[in-house]
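Listed below are the residues making up each chain.
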Amino acid sequence: MENIKAYVQQHKDRFINELIELLKIPSVSADTAYSHDVFETADAVKASLEKAGCDFVEICDTPGYPIVYGEKIIDPSLPTVLVYGHYDVQPPDPMELWTSPPFEPVIKKTEIHPEGAIFARGSCDDKGQMYMHVKALEYMVQSNTLPCNVKFMIEGEEEIGSKSLSWFVERNQEKLKNDVILISDTGMISNQQPSITTGLRGLSYVEVEVTGPNRDLHSGLYGGAVANPINVLAKMIASLHDENNHITIPGFYDNVAELSLEERAEMAKAPFNLENYKKALDLNDVYGESGYVTNERNSIRPTLDVNGIWGGYTGEGAKTVIASKAFAKISMRLVPNQDWEEITELFTKHFTSLAPAGVTVKVKPHHGGQGYVTPTNSIGYKAANMAYTETFGVPAIPVRSGGSIPIVALFEKELKSKTILMGFGLDSDAIHSPNEHFGIFNYLKGIETIPLFYKYFVELSK
Ligand code: BES
Ligand code: MN
Ligand code: MN
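Bear in mind the structure is a predicted one, so any value in this text is a computation, not a measurement. (Residues numbered from 1 in each chain as written. Chains lettered and ligands numbered in written order. Predicted model: local features only at pLDDT ≥ 70, side-chain atom pairs only at ≥ 80, totals over all residues. Heavy atoms only, no water.)

For the rest of this paragraph, the subject is the overall build of the protein chain. The secondary structure content of the protein chain amounts to 12 helices and 18 strands. Along the first, second and third principal axes, the C-alpha set of the protein chain runs to 80 × 50 × 45 Å. In the protein chain, once contacts between residues fewer than 6 apart in sequence are set aside, the share between residues at least 24 apart is 78%. Carbon and sulfur atoms form 52% of the exposed surface of the protein chain, whose accessible area is close to 20800 Å². Within the protein chain, the 60 negative side-chain charges are centred at a point lying 1 Å from the centre of the 41 positive side-chain charges. (Helix = DSSP H or I, 4+ residues; strand = E, 2+ residues; numbered from the N terminus. Contact = heavy atoms within 4.5 Å. Areas by Shrake-Rupley, 256 points an atom, 1.4 Å probe, with all protein chains shown as cover. Lys, Arg positive; Asp, Glu negative; His and termini not counted. Charge placed at Lys NZ, Arg CZ, Asp CG, Glu CD.)

Okay, here's the thing in structure tokens:
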């Protein structure tokens, strides 16, 4: 496929400009103030699939945000690739830390992206990566090289737990029938060393509320005589890890799939430089569970983290007050075999039991999902590796990621097919953070690599 290189070179300015237009629409799914923009983005994705050459595209309404479905069926006897991606993005805040506005995309050079990167919310996660598939389809249709059938399913609620997509998948098994699911919503090691994500962590996300007195109190008049919900919450949270940074919830580790020493030795072969890792984050040291190294702590081990904590007075100056309530949002990243609903129950039971007399505690589950691991001997994995090898000049390394795409486990359960995670982002692309960006190199390389996946997948399926 020499031609794909030439096609990308010839059309790259247009490819970049089309993505920039998509990035201008602020499709923040978490905040209803952006609801109109989320719907508008679905329409834009639909139009792009029609233009790229799908024979049939529709907006599928759901109880939440719509799913854009598109297909090009060239011969029902050939294999079918189902492409999944998401057009919603994370909230942009804190706004003041962006060096350019999150929904006014600009190209800037960075140390890691000397040829430039597009700075905008969603550039890497996931509009940029999703749109690579639309442009790869355009190429295959234009050059008459599409070797099989293709279906697209692009959702608008990934960043808030994919509720409507679960609903949709359960109701549309026949329509979504496929031989392999292809997703670009993860990362790779570096622009010189591609990798294929072979695992994702599961997730349980909860919110907790600690209530003390029925109103905020003067901290002099009442301090020392009643429970302070913020003090109590801080203590309860602190007790969730022991001195080895092990999670203390009874039963939490019961089903954790432990890796063999061989598997861990294999993992250790992936290039990783601890000094660079610390430097990139301005850290004087890393931190985590005893007995595991950084690359294990953030992939094959479960974790518990507070994502936000609030209560009392946080405005200017000082106010002497004992708050009536304190709150925290807590996420647990899970590994294969841990069931997220069971973990949510274990957390709730344990956390409630920690409450001392003088306060009451409520736990509200938000959302969750199961972890995922995929073998490296499937046809899909081999095809992806052949594609990367051809465009990067070196084979891809299998890597288990710490992130979550909860819907992937559901795909396997409902649609009975394997997912291949061909990510082109870098950890330094700052997804979910201010100044998210996506390298032009990565974007174009993705468009170049995807058609090769189709080619090799069909060849290996024969
Ligand atoms: N694309 C990410 C997940 C990801 C990123 C996986 C990089 C591996 C490498 C996805 O959009 C995401 O942010 N998922 C959420 C979970 C979701 C339920 C909110 C996450 O991992 O926090
Ligand atoms: Mn994503
Ligand atoms: Mn995300």
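Now that the structure has been shown, we can carry on.
Note on the manganese ion (ligand 3): its protein donors are Asp125 (OD), Glu159 (OE), Glu159 (OE) and His432 (NE2). The metal-donor distances range over 2.1 to 2.5 Å. One way to put it: the 6 donor atoms around the manganese ion (ligand 3) meet at angles of 56 to 154°, and that makes the site irregular. Here the donor residues for the manganese ion (ligand 3) map to a single chain with the spacing D-x33-E-x272-H. Between the manganese ion (ligand 3) and the manganese ion (ligand 2) the interatomic distance comes to 3.6 Å, and Asp125 is a ligand of both metals. With Glu159 in the loop between β6 (149-155) and α4 (163-171) and His432 in the loop between β17 (419-421) and β18 (437-439), this pair connects stretches of sequence that are 273 residues apart. (Donors = N, O, S within 2.8 Å, 3.2 Å for Na, K, Ca; no water. Tetrahedral: all angles 85-135°; square planar, octahedral: opposite > 155°, others 65-115°.)

On to the coordination of the manganese ion (ligand 2). Taken together, His86 (NE2), Asp125 (OD), Asp185 (OD) and Asp185 (OD) make up the protein donors of the manganese ion (ligand 2), found 2.0 to 2.4 Å from the metal. Geometry at the manganese ion (ligand 2) is irregular, judged from its 6 donor atoms and the angles of 56 to 166° they form at the metal. Along the chain, the residues that donate to the manganese ion (ligand 2) are spaced as H-x38-D-x59-D. Asp125 sits in the buried class, given a relative accessible area of 7%. (Buried < 20%, exposed > 50% of the residue type's maximum accessible area, 1.4 Å probe, protein only.)

Attention now moves to the nonpolar core. Soluble globular proteins tend to pack their nonpolar side chains together in the buried interior. By size, the foremost hydrophobic cluster in this structure holds 64 residues, and its most contacted members are Val81, Tyr87, Phe152, Met422, Tyr443, Phe453 and Tyr454. Elements supplying a minimum of two residues to this core: α1 (2-23), α2 (35-52), β3 (80-86), α3 (127-142), β6, β7 (180-183), α10 (379-392) and α12 (440-461). It is α12 that provides the largest number of residues to this core, a total of 11 residues. Counting residues in each nonpolar core, the second largest holds 27 residues, with Val206, Val208, Ile249 and Val359 among its members. (Core = buried A, V, L, I, M, F, W, Y, C linked by side-chain atoms within 4.5 Å.)

Entries for the protein chain in the domain assignment read domain 1 (2-200 + 371-461) and domain 2 (202-256 + 302-369). Each of domain 1 and domain 2 has a C-alpha centre, and these two points are 36 Å apart. With 11 residues of domain 1 in contact, the opposing surface of domain 2 contributes 7 residues. Considering only the surface of domain 1 that becomes buried against domain 2, Gly371, Ser404 and Pro406 emerge as the three largest contributors, covering 53% of it. (Domains from an automatic or database assignment. Buried area = accessible area lost by both parts, 1.4 Å probe.)

In this section: the site of ligand 1. Looking at ligand 1, there are 16 residues lining it, with Glu158, Asp185, Arg333, Ser404 and His432 nearest. With respect to ligand 1, the side chain of His86 contributes an N or O atom lying 3.2 Å from an oxygen atom. A distance of 2.6 Å separates an oxygen atom of ligand 1 from a polar atom in the side chain of Glu158. Within the complex, 88% of the 520 Å² of free accessible area of ligand 1 lies under protein. Grouping the amino acids of the shell around ligand 1 by side-chain chemistry returns 4 nonpolar, 7 polar and 5 charged. (Near = heavy atom within 4 Å. Polar contact = N/O pair within 3.5 Å; in protein donor to acceptor, adjacent residues only side chain to side chain. Nonpolar A, V, L, I, M, F, W, Y, C, P; charged D, E, K, R; others polar.)

Once that is clear, we can look at the sheet that holds β18. If you trace the 3 strands from one edge of the open sheet to the other, you get β4-β5-β18, paired in antiparallel fashion. At either end of the open sheet lies a strand with only one pairing partner, and these are β4 (106-108) and β18. Taking each pair of neighbouring strands and ignoring which way they run, the sheet shows an average axis angle of 30°. Across 3 bridges, the pairing between strand β5 (residues 117-119) and β18 is antiparallel. (Pairing = 2+ DSSP bridges. Axes fitted to C-alpha atoms, helices over the stretch in contact; angles between N-to-C directions.)

Another aspect to go through is the sheet that holds strand β11 (residues 303-311). Pairing is antiparallel across the open sheet formed by 4 strands, whose spatial order is β11-β13-β9-β14. Bordering the open sheet on either side are β11 and β14 (360-369), each of which pairs with just one other strand. The mean angle between the axes of side-by-side strands here comes to 15°, regardless of whether they run parallel or antiparallel. Where strand β9 (residues 202-211) meets strand β13 (residues 325-334), 10 bridges bridge the pair, whose relative direction is antiparallel. Looking at β13, one finds that Ser204 is bridged to Met332. Sitting on the sheet, helix α5 (residues 229-238) is in contact with β9, β11, β13 and β14, with an inclination near 15° to β13. Contacts from helix α9 (residues 340-353) reach β9, β11, β13 and β14 within the one sheet, and its direction differs from that of β14 by about 165°.

To continue, consider the packing of aromatic side chains. In total, this model carries 16 aromatic pairs according to the counting rule given. Seen from their ring centres, Tyr388 and Phe392 are 5.9 Å apart, and the 45° between their planes marks the pair as tilted. Note that Tyr388 and Phe392 are positioned in helix α10 at a spacing of 4 residues, about one turn of the helix. A network of ring pairs unites the aromatic residues Tyr388, Phe392, Phe424 and Phe441 as a single cluster. Stacked on the ring of Phe119, the Lys or Arg Lys108 has its end atom at 4.6 Å from the ring centre. It is Lys445 that lies over the ring of Phe392; its NZ or CZ is 5.5 Å from the centre. (Phe/Tyr/Trp six-rings, centres within 6.5 Å; stacked < 30°, edge-to-face > 60°. Lys NZ or Arg CZ within 6 Å of the ring centre and 35° of its normal.)

All right, on to the pattern of salt bridges then. The tally for this structure, following the rule as stated, stands at 20 salt bridges. The partner of Glu21 in a salt bridge is Lys24, and the shortest N-O contact between them spans 3.0 Å. Judged by its relative accessible area of 47%, Glu21 is partly exposed. Note that Arg301 is salt-bridged to Glu289, the shortest N-O span being 2.8 Å. Here Glu289 lies in the loop between α7 (274-281) and α8 (294-297) and Arg301 lies in the loop between α8 and β11, a separation of 12 residues in the sequence. You'll find Arg301 and Glu289 in the same group, each marked buried. (Salt bridge = Lys/Arg side-chain N within 4 Å of Asp/Glu carboxyl O.)

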